[in-house]
Each structure stands twice: as structure tokens, then as C-alpha cells.
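# Remarks on the overall topology
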Amino acid sequence: TSAEAINYYATLYSGGKLHVSNEINVDGIKDKIGSGDCFMSGLIYGFCNGMNPDEIVNFASTAAVGKMYETSDATNQTVAEILSNVNKFSGILK
């Protein structure tokens, strides 16, 4: 793996169970700064919108990965774009 490529996954402990996101192979990273903020925003969004834990951890990790393809510390991703990318990686969210 190069400095611009990683295998990304995340975990969430909720309801007495460990939930693991799908592993996403990321290549061509532009900027990692802000990806943690996107992950946390994804968690908050998922909890506030009634997603189940598997959906939440996949939504949050996909948001974080999407940020890595953007420069600067803020994202321009929409919820619809993140959901679309989650479907590409897992088919879990509809």
C-alpha cells in the first residue's frame, strides 16, 4: 500500500454488541484531514435518524472515506451521496 492507499473499516459498540463496518479499499487519497470529523458526524446523523448500529457504522465509515477524496478539512458530500456510496460498498442501506 502506498501513502495514498489504505484499507479502512470502523467499529461501533452498541447494545452490548460489537458492530464492524465493511472494509473499504481506499486509493488515491487527497487529504485525510477532516475524515474523523466526518466519521463522528456520520455517527451522530445515524443515531439521530433511527438507523440500526450496522447502518450507522457503515454510514459513518463511508462518510469518512468520502472525505479523503476531498481537499481541505470540510466535506461537500450530501447524505444522498454517502448513502449511494454505502450501497456500492455493502448494499446494507437502502
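A brief structural summary. Computed from a predicted structure; not experimentally measured.

## Notes on the packing of helix 2 (residues 53-67) against helix 3 (residues 79-89)
Between helix 2 and helix 3, the least distance of the axes is 9 Å, while the angle of their chain directions is 105°. By the angle between their directions, the pair helix 2 and helix 3 is classed as roughly perpendicular. For the pair helix 2 and helix 3, contact is made by N58, F59, T62 and A63 and by V79, I82, L83, N85, V86 and F89, respectively.

## Let's talk about the nonpolar core
Y8, V26, F39 and L43 are the most contacted members of the largest nonpolar core, which has 20 residues in total. Elements with a contribution of two residues or more to this core: strand 4 (24-27), helix 1 (35-48), helix 2 and helix 3. Among the elements that take part in this core, helix 2 stands out by supplying seven residues, more than any other. With residues up to four places along the chain from it excluded, the contact list for V26 reads E4, A5, I6, Y8, V65, M68 and Y69.

## Here's the deal with the packing of aromatic side chains
Tallied over the full model, the rule gives one aromatic pair. Ring geometry for Y45 against F59: centres 5.1 Å apart, planes inclined by 25°, an arrangement best described as stacked. Within this pair, whereas Y45 is found in helix 1, its partner F59 is found in helix 2, the two being separated by 14 residues in sequence.

## Remarks on the pairing of strand 4
Burial along strand 4 is one-sided: I24 and V26 are buried, while N25 and D27, pointing the other way, are not. Of the pairings in the sheet, the one linking strand 1 (residues 5-8) to strand 4 comprises four bridges and is antiparallel in character. Along strand 4, the bridge assignment pairs N7 with N25.

Criteria and cut-off values
Residues numbered from 1 in each chain as written. Predicted model: local features only at pLDDT ≥ 70, side-chain atom pairs only at ≥ 80, totals over all residues. Heavy atoms only, no water. Axes fitted to C-alpha atoms, helices over the stretch in contact; angles between N-to-C directions. Helix = DSSP H or I, 4+ residues; strand = E, 2+ residues; numbered from the N terminus. Parallel < 35°, antiparallel > 145°, perpendicular 65-115°, else oblique. Contact = heavy atoms within 4.5 Å. Core = buried A, V, L, I, M, F, W, Y, C linked by side-chain atoms within 4.5 Å. Buried < 20%, exposed > 50% of the residue type's maximum accessible area, 1.4 Å probe, protein only. Phe/Tyr/Trp six-rings, centres within 6.5 Å; stacked < 30°, edge-to-face > 60°. Pairing = 2+ DSSP bridges.

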